Amino acid sequence: QVQLVESGGGLVQPGGSLRLSCAVSGIFFKIYTADWYRQAPGKQRELVASVTRDGKTTYADSMKGRFAISRDNDRSTVSLEMNMLKAADTAVYYCYIRERIGSGHWGQGTQVTVSS
């Protein structure tokens, strides 16, 4: 019943910007921390950014100053604004809701490709 649907991925030039969105349904969204992860080919999935129910944000070091995570509890969405994109940012990006340890919820992912 819980569903997370990511959108906004695509092909972007280096230095460009992109905004990803994740629409959440089937859960009391506003009380849970939400995350964005990414996974590049041949690499482990890594945490990109997090936002708590109070709006406190956390970023991986390589994303600080370039990415911004936000949430809209009225619309049950979490977004990721990405700027100054690099080829190394190419990956499938996933949203995740931390309902409880070992029992969170994943979206299906959206592809971001940074290439000239």
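Note that this is a predicted model, so its numbers are computed, not measured.

Draft legend 1. The arrangement of the sheet that holds strand S3 (residues 18–25) in detail. With respect to topology, 4 strands assemble into an open sheet ordered S1-S3-S8-S7, the strand pairing being antiparallel. Across the chains shown, the open sheet's two edge strands, defined by having one partner strand only, are strand S1 (3–7) and strand S7 (67–72). Put simply, the sheet's adjacent strands are angled 15 degrees from each other on average, direction ignored.

Draft legend 2. Examining the state of the cysteines more closely. What the rule picks out here adds up to 1 disulfide. Each sulfur in the disulfide pair cysteine 22 and cysteine 95 lies 2.0 Å from the other. Every disulfide takes its handedness from the sign of the S-S torsion; for cysteine 22 and cysteine 95 that torsion is 55 degrees, giving right-handed. Of this pair, cysteine 22 sits in strand S3 while cysteine 95 sits in strand S9 (residues 91–97), and the two are 73 residues apart along the sequence. On the basis of relative accessible area, cysteine 22 is assigned to the buried category, the value being 0%.

Draft legend 3. Broad picture of the packing of aromatic side chains. In this structure the tally under the stated criterion is 4 aromatic pairs. Consider the rings of tyrosine 96 and tryptophan 106, whose centres lie 4.4 Å apart with planes at 50 degrees: the pair is tilted. In this pair, tyrosine 96 is assigned in strand S9 and tryptophan 106 in strand S10 (residues 105–106), connecting sequence segments 10 residues apart. A residue is classified by how much of its surface remains accessible, and tryptophan 106, at 36% relative accessible area, is partly exposed. Among the aromatic residues, those joined into a ring-pair cluster are Tyr37, Tyr94, Tyr96 and Trp106. Note that arginine 45 overlies the ring of tryptophan 106, its terminal NZ or CZ placed 4.6 Å from the centroid.

Draft legend 4. Region of the structure containing the pattern of salt bridges. Applying the stated criterion across every chain, the model contains 7 salt bridges. Here arginine 98 makes a salt bridge to aspartate 35, at a shortest N to O gap of 2.7 Å. One end of the pair, arginine 98, is in the loop between S9 and S10; the other, aspartate 35, is in strand S4 (residues 34–39), and 63 residues separate them in sequence. Of the charged contacts, one joins glutamate 99 and arginine 100 as a salt bridge, the two residues approaching to 3.6 Å between their closest N and O atoms. Given a relative accessible area of 22%, glutamate 99 falls into the partly exposed group. Put simply, Arg38, Glu46, Arg66 and Asp89 are held in one network by salt bridges that share partners.

Draft legend 5. Structural view of the environment of valine 92. Position of valine 92 among the secondary structure elements: in strand S9. In this structure, the C-alpha to C-alpha distance between valine 92 and glutamine 108, residues 16 residues apart in sequence, is 9.2 Å. Those residues within four positions of valine 92 in sequence are excluded, and the remaining contacts are Tyr37, Arg38, Gln39, Gly109, Thr110 and Gln111.

Conventions used here
Residues numbered from 1 in each chain as written. Predicted model: local features only at pLDDT ≥ 70, side-chain atom pairs only at ≥ 80, totals over all residues. Heavy atoms only, no water. Pairing = 2+ DSSP bridges. Helix = DSSP H or I, 4+ residues; strand = E, 2+ residues; numbered from the N terminus. Axes fitted to C-alpha atoms, helices over the stretch in contact; angles between N-to-C directions. Disulfide = S-S within 2.5 Å. Buried < 20%, exposed > 50% of the residue type's maximum accessible area, 1.4 Å probe, protein only. Phe/Tyr/Trp six-rings, centres within 6.5 Å; stacked < 30°, edge-to-face > 60°. Lys NZ or Arg CZ within 6 Å of the ring centre and 35° of its normal. Salt bridge = Lys/Arg side-chain N within 4 Å of Asp/Glu carboxyl O. Contact = heavy atoms within 4.5 Å.

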